[in-house]
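Overview (structure and organization)
Single-letter residue listing:
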Amino acid sequence: MDKISLNIEGIKNFVTNDEINSLIEIAEKSNLQLHDKTGTGNDFLGWVNLPFEIDKEELEDIKKTAAELSQTLDIMVVIGIGGSYLGAKAVIEALSNNFSSYANLSKEKLTVLYAGHNISEDYLFEIIDFLNDKNWGITVISKSGTTTEPAITFRMLKNELDKKYGKKSASNRIIAITDKEKGALRELAAKENYKTYNIADDIGGRFSVLTAVGLFPIALAGFDVDALIEGAKYYCKETKSEIKSDKNIAITYAIARNILYQKGYIIEVMANYNPKLHYFAEWWKQLFGESEGKDGKGIFPASVDFTTDLHSMGQYLQDGKRIIFETVISIENPSRTLAVPYDKGNLDGLNYLSGRRVHEINEMSEIGTMFAHIDGGVPNIKINLPEINEYYLGQLIYFFEKACGISAYMLGVNPFNQPGVENYKNNMFALLGKKGFEEETKKIKKRIGR
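Bear in mind the structure is a predicted one, so any value in this text is a computation, not a measurement. (Residues numbered from 1 in each chain as written. Predicted model: local features only at pLDDT ≥ 70, side-chain atom pairs only at ≥ 80, totals over all residues. Heavy atoms only, no water.)

1. Considering the sheet that holds strand β3 (residues 111-115)
Backbone-to-backbone hydrogen bonds join strands into a sheet, with any given pair of strands oriented parallel or antiparallel. Basically, it comes down to this: Strand pairing is assigned whenever DSSP detects at least two bridges linking the two strands. Working definition: helices are DSSP H or I runs of at least four residues, strands are E runs of at least two. Numbering for both runs from the N terminus. Here the axes come from fitting lines to C-alpha atoms, over the contacting stretch only for helices, and the angles between their N-to-C directions go from 0 to 180 degrees.
Spatially, β3-β2-β4-β5-β6 is the arrangement adopted by the five strands of the open sheet, whose pairing is parallel. One side of each edge strand has no neighbouring strand; the edge strands of this open sheet are β3 and β6 (195-199). Going from strand to strand, the sheet's axes swing by 20 degrees on average, the running direction of each strand aside. Where strand β5 (residues 174-179) meets β6, five bridges bridge the pair, whose relative direction is parallel.

Shown next, in the form of structure tokens:
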């Protein structure tokens with residue numbers, strides 16, 4: 001099998017080799033800290049060796065349960081927010097037919113839908129209405145069971161499931177992925193006899209794709225979780241602490257983005273040329289944004305879908321303020337083959353492309369855009385993915401997780417906490433009158449003039 005690769009030649013017009021070399025020592029030290037658990041947040045490093053430590057018995061149970069549910073259900077609603085759903089959705093969307101959800105092209109596979117990642121009344125009403133005449137179940141993913149968005153959604157969808165199938169039958173359609181011992185969801189699962197999988201104490205949500213949190217929904221969707229894990233194993237070996245920067249692409253990527261950050265490039269835009277990777281970018285944004293954005297520091301992660309966004313955001317990227325660098329995920333081999341046909345009239349003037357594959361045209365657009373952006377002052381990093389399949393996605397997931405840990409340590413922040421996320425929650429609880437937030441309620445009402 002081939003492997004993903006990294007090319008940083010597109011930043012060489014903007015940084016010197018000496019500048020890059022100046023960060024090697026701290027980058028290698030940061031990687032070592034992940035392995036010997038001497039850095040901040042070291043209680044959450046269970047993901048570092050996870051690909052080789054996945055419980056084989058649990059994995060077999062995940063595959064068996066997913067296969068059984070796929071035979072009995074048409075739809076599984078995955079309830080979760082942030083890392084509790086984004087990793088699974090990233091993989092499932094990347095591997096799925098672009099139009100399967102519209103044209104029912106995957107009747108042989110269970111359909112996975114997502115809820116609990118927002119508090120939109122329209123969204124909740126419409127998913128309940130959609131499920132009314134469907135054969136469905138729930139996978140609820142929450143360590144505590146009390147996170148507002150998924151908790152509200154689970155309460156509402158569980159109520160609908162109970163009404164439709166009766167409480168006992170509904171319980172057989174609910175899978176809970178939660179803390180192994182404590183929390184509201186664990187208590188409810190024990191009381192109502194849900195099938196459960198554990199969320200490890202030492203793996204945070206955004207690093208949890210290779211646990212039951214990600215593996216179970218991916219298996220439900222009919223994809224090969226064994227191959228995903230094998231891909232992750234490859235880059236788990238390739239990025240060990242003793243592998244130096246010249247051969248360790250996670251270290252190289254972390255160095256490249258940090259040296260650009262030091263030179264004023266504070267926004268990283270992930271660009272892809274295949275719409276299947278849209279949600280992979282969403283997962284990547286959470287991984288890096290929530291891990292690095294602390295203490296007034298951090299690179300802001302954004303994303304674009306090319307060539308679509310070349311006709312909108314492309315203008316700013318080419319001619320806007322020079323605070324952006326790009327990381328392009330390039331797919332070497334698409335899954336399908338399609339060529340431009342010859343047209344006798346040639347009114348559109350495209351006969352010069354007749355017989356050429358659409359992928360070749362897309363590739364030339366990618367190369368041309370990269371050169372234009374570099375010439376316009378936008379540094380470019382390129383990640384080559386041989387093709388979109390479970391094995392290479394597993395490589396990509398682990399590569400980004402490792403690079404994120406290294407990069408955050410280089411910035412001097414704890415990659416594994418998220419103190420800023422709590423601020424909006426406390427304000428929301430106060431405004432809603434939750435018990436225990438009386439003082440905050442008074443302060444906020446004064447600020448908004450109520």
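2. Let's talk about the pattern of salt bridges
Condition: Here, a salt bridge means any Lys or Arg side-chain nitrogen found within 4 Å of an Asp or Glu carboxyl oxygen. When a residue's accessible area, from a 1.4 Å probe over protein chains only, is under 20% of the maximum for its type it is buried; when over 50% it is exposed; and in between it is partly exposed.
Here the structure, examined in full by the defined rule, presents 23 salt bridges. D133 is the partner of K134 in a salt bridge, and the nearest nitrogen-oxygen pair spans 2.9 Å. The class of K134 is partly exposed, set by a relative accessible area of 26%. Close ionic contact of D162 with K158 constitutes a salt bridge, the shortest N to O distance being 3.1 Å. Of the two residues, D162 and K158 both sit in helix α8 (residues 148-165), four residues apart, roughly one turn of that helix. With relative accessibility at 11%, the residue K158 sits in the buried group.

3. A short note on a nonpolar patch on the surface
Our working rule: Like-charged residues are merged into a patch within 9 Å and nonpolar side chains (Val, Leu, Ile, Met, Phe, Trp, Tyr) within 5 Å, provided each residue has over 30% relative accessible area and no salt bridge. Accessibility throughout is a Shrake-Rupley quantity obtained with a 1.4 Å probe, and a residue counts as covered only by protein chains that appear here.
Residues I119, I152 and M156 make up a contiguous nonpolar surface patch of about 240 Å² in total accessible area. With respect to the helices and strands, the residue M156 is situated in helix α8.

4. Structural notes on helix α10 (residues 184-192)
Because each turn of an α-helix spans 3.6 residues, side chains separated by three or four positions in sequence point in the same direction. Stated precisely, the cut-off is as follows: By construction, the arc corresponds to the directions joining the helix axis to the C-beta atoms. Throughout, a contact is declared for two residues whenever any of their heavy atoms are within 4.5 Å.
Where α10 is concerned, the buried positions are L185, R186, A189 and E192. Across the axial projection of α10, the buried residues extend over an arc of 145 degrees, all falling on one side. Among the exposed residues of α10, those pointing more than 90 degrees away from its buried face are E187, A190 and K191. Buried residues belonging to α10 abut β4 (136-141), α8, α9 (167-171), β5 and β6. At the exit of α10 stands N193, carrying a positive phi of roughly 65 degrees.

5. Here we look at the side chain of T178
The condition that has to hold: Any pair of nitrogen or oxygen atoms within 3.5 Å is treated as a polar contact; in protein, a donor-acceptor pairing is required on top of that, and neighbouring residues in sequence qualify only through side-chain atoms on both sides.
By secondary structure assignment, the location of T178 is in strand β5. At 2.7 Å, the side chain of T178 forms a polar contact with the backbone oxygen of S142. For T178, the residues in contact, after removing those within four places along its chain, are S142, K143, L185, R186, Y197, N198 and I199.

6. Description of empty space enclosed by the protein
Basically, it comes down to this: A pocket here means an open set of points on a 1 Å grid, computed over the protein atoms alone, that has protein on both sides within 12 Å along at least five of seven lines. A cavity is instead a set of points where a 1.4 Å probe fits but cannot get out; residues with an atom within 4 Å of a point line either one. Grid points are joined across faces, edges and corners, and a volume is the space filled by probe spheres set on the points.
In total, this model carries one cavity of 30 Å³ or more according to the counting rule given. Estimated volume of the largest cavity: approximately 30 Å³. As for the largest cavity, its lining consists of Y273, F306, E326, V328, E366, T369, M370, H373 and N380. Of all elements in the fold, only β9 (324-331) and α16 (358-375) reach the threshold of two or more residues within the lining of the largest cavity. Per-element tally for the lining of the largest cavity: the top contributor is α16, with four residues.

7. Thoughts on helix α14 (residues 278-292)
What counts here: Here the expected length of a helix is defined as 1.5 Å per residue gap, with one fewer gap than residues.
Taking 1.5 Å as the rise per residue, α14 with 15 residues should run 21 Å; its terminal C-alpha atoms sit 21 Å apart, in good agreement. Burial in α14 covers these residues: F280, A281, W283, W284, Q286, L287, F288, E290, S291 and E292.

8. Re the packing of helix α13 (residues 249-262) against helix α17 (residues 390-411)
For any two helices packed against each other, the geometry is given by the interaxial angle and the distance between the axes. The following threshold applies: Our angle categories are set so that under 35 degrees counts as roughly parallel, over 145 as roughly antiparallel, 65 to 115 as roughly perpendicular, and the remainder as oblique. It is the rotation of the near helix from the far one that decides the hand of a crossing: anticlockwise by less than a right angle makes it left-handed, clockwise makes it right-handed. For this classification, the nonpolar set comprises Ala, Val, Leu, Ile, Met, Phe, Trp, Tyr, Cys and Pro, the charged set comprises Asp, Glu, Lys and Arg, and every other residue, Gly included, is treated as polar.
The contact between α13 and α17 brings their axes to 8 Å, and the two run at 45 degrees. In this view, α13 runs oblique relative to α17, as classed from their interaxial angle. In this structure, α13 crosses over α17, and the sense of that crossing is right-handed. Contact with α13, carried on its side by I249, A250, I251, Y253, A254, I255, R257, N258 and Y261, involves F399, F400, K402, A403, I406, S407, M410 and L411 of α17 and no other residues of that element. Grouping the constituent residues of the contact of α13 with α17 by class yields 13 nonpolar, two polar and two charged.

9. Side note on the packing of α14 against α17
The contact between α14 and α17 brings their axes to 9 Å, and the two run at 20 degrees. As judged from the angle between their axes, α14 and α17 are roughly parallel. The way α14 lies across α17 gives a crossing that is right-handed. Residues F280, W283, W284, L287, F288, S291 and E292 of α14 pack against L393, L396, I397, F400, E401, A403, C404, S407, A408 and L411 of α17. Split by residue class, the contact of α14 with α17 holds 13 nonpolar, two polar and two charged.

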